[in-house]
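Here is what each chain is made of, one letter per residue.
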Amino acid sequence: MKALYPGSFDPITNGHLDVLQRARKVFDQLTVAVVENPRKAPLFSAEERRRLVEESLKEVGIEDVPVITYSGLLIECAKRLGVVAIVRGLRATSDFDYEFQMALMNRDLDSDIETVFFMTAGEYSFLSSSIVKEVKRYGGDVSKFVPRCVERALEEKFKQK
Ligand code: ADP
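Residues numbered from 1 in each chain as written. Predicted model: local features only at pLDDT ≥ 70, side-chain atom pairs only at ≥ 80, totals over all residues. Heavy atoms only, no water.

(A) Representation of the packing of helix α5 (residues 129-137) against helix α6 (residues 148-160) within the structure. Contact geometry for α5 and α6: axes closest at 10 Å, N-to-C directions at 55 degrees. Viewed along their axes, α5 and α6 adopt a mutual orientation that is oblique. Crossing hand, α5 versus α6: right-handed. Here Val132, Lys133, Lys136 and Arg137 of α5 come into contact with α6, specifically with Glu151, Leu154, Glu155 and Phe158. (Axes fitted to C-alpha atoms, helices over the stretch in contact; angles between N-to-C directions. Helix = DSSP H or I, 4+ residues; strand = E, 2+ residues; numbered from the N terminus. Parallel < 35°, antiparallel > 145°, perpendicular 65-115°, else oblique. Left-handed = near helix turned anticlockwise from the far one by under 90°. Contact = heavy atoms within 4.5 Å.)

Okay, structure coming up:
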């Protein structure tokens, strides 16, 4: 069974990786799909975000998860790839409303594709790409929360700004 794990990944964190590793145990084939134009203006370009996901996967020794970018409707991307499920991560109840809306809309658009949620590990339940960027922007240590390549990319990005 094939599944797609979509998101902004601006940038990928250990929370995303935790969900990805859980999903990989359940599905035979998993693809990460980085959305080109996320809801919020991204810090990293789509290609930078895609590359950081790829490098992070290498860091944790995962070699069988392709990483693509997509624009437009997620469900169209899912259909093109022939997946049976869309994977999403759940942290706290604050994720629920938006995820519920998205899942039901996507089901309306294609009732054959299910959205499947994975609970993150407790230690990542407060972690988000936004909080990582905020802390790193002001020089805080985020090494426990992101792969090394992401930490370096954040340093570079904030040096340029
Ligand atoms: P989006 O803009 O599509 O929500 P994100 O990159 O913010 O993209 O998140 C992609 C998915 O990963 C979402 O389902 C989100 O809830 C989940 N996610 C993000 N951070 C974590 C985390 N720390 N633990 C578990 N899931 C997470």
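Now that the structure is up, let's keep going.
(B) Examining the side chain of Thr120 more closely. Here Thr120 lies in the loop between β5 (114-119) and α5. A polar contact is formed between the side chain of Thr120 and the side chain of Asp18, at a distance of 3.4 Å. When sequence neighbours within four positions are dropped, the list of residues in contact with Thr120 reads Gly15, Asp18, Val19, Leu90, Arg91 and Ser125. (Polar contact = N/O pair within 3.5 Å; in protein donor to acceptor, adjacent residues only side chain to side chain.)

(C) Layout of a nonpolar patch on the surface. On the surface, Leu73, Met105 and Leu109 cluster together into a nonpolar patch covering about 290 Å² of accessible area. Tracing the sequence through the fold places Leu73 in the loop between β3 (67-70) and α3 (74-81). (Patch = residues over 30% accessible without salt bridge, like charges linked within 9 Å, V, L, I, M, F, W, Y side chains within 5 Å. Areas by Shrake-Rupley, 256 points an atom, 1.4 Å probe, with all protein chains shown as cover. Salt bridge = Lys/Arg side-chain N within 4 Å of Asp/Glu carboxyl O.)

(D) Fine view of the site of the ligand. Neighbouring the ligand are 17 residues; Ser8, Phe9, His16, Gly89 and Leu127 lie closest to it. Within the contact set of the ligand, an oxygen atom lies 3.4 Å away from a side-chain nitrogen or oxygen of Arg39. Side-chain polar atom of Glu99 to an oxygen atom of the ligand: 3.2 Å apart, as the coordinates give it. The protein chains hide 90% of the 550 Å² of surface that the ligand would expose on its own. Of all the secondary-structure elements, those providing two or more residues to the shell around the ligand are β1 (2-7), α1 (14-26) and β4 (85-90). Here the residues of the shell around the ligand sort into six nonpolar, six polar and five charged. (Near = heavy atom within 4 Å. Nonpolar A, V, L, I, M, F, W, Y, C, P; charged D, E, K, R; others polar.)

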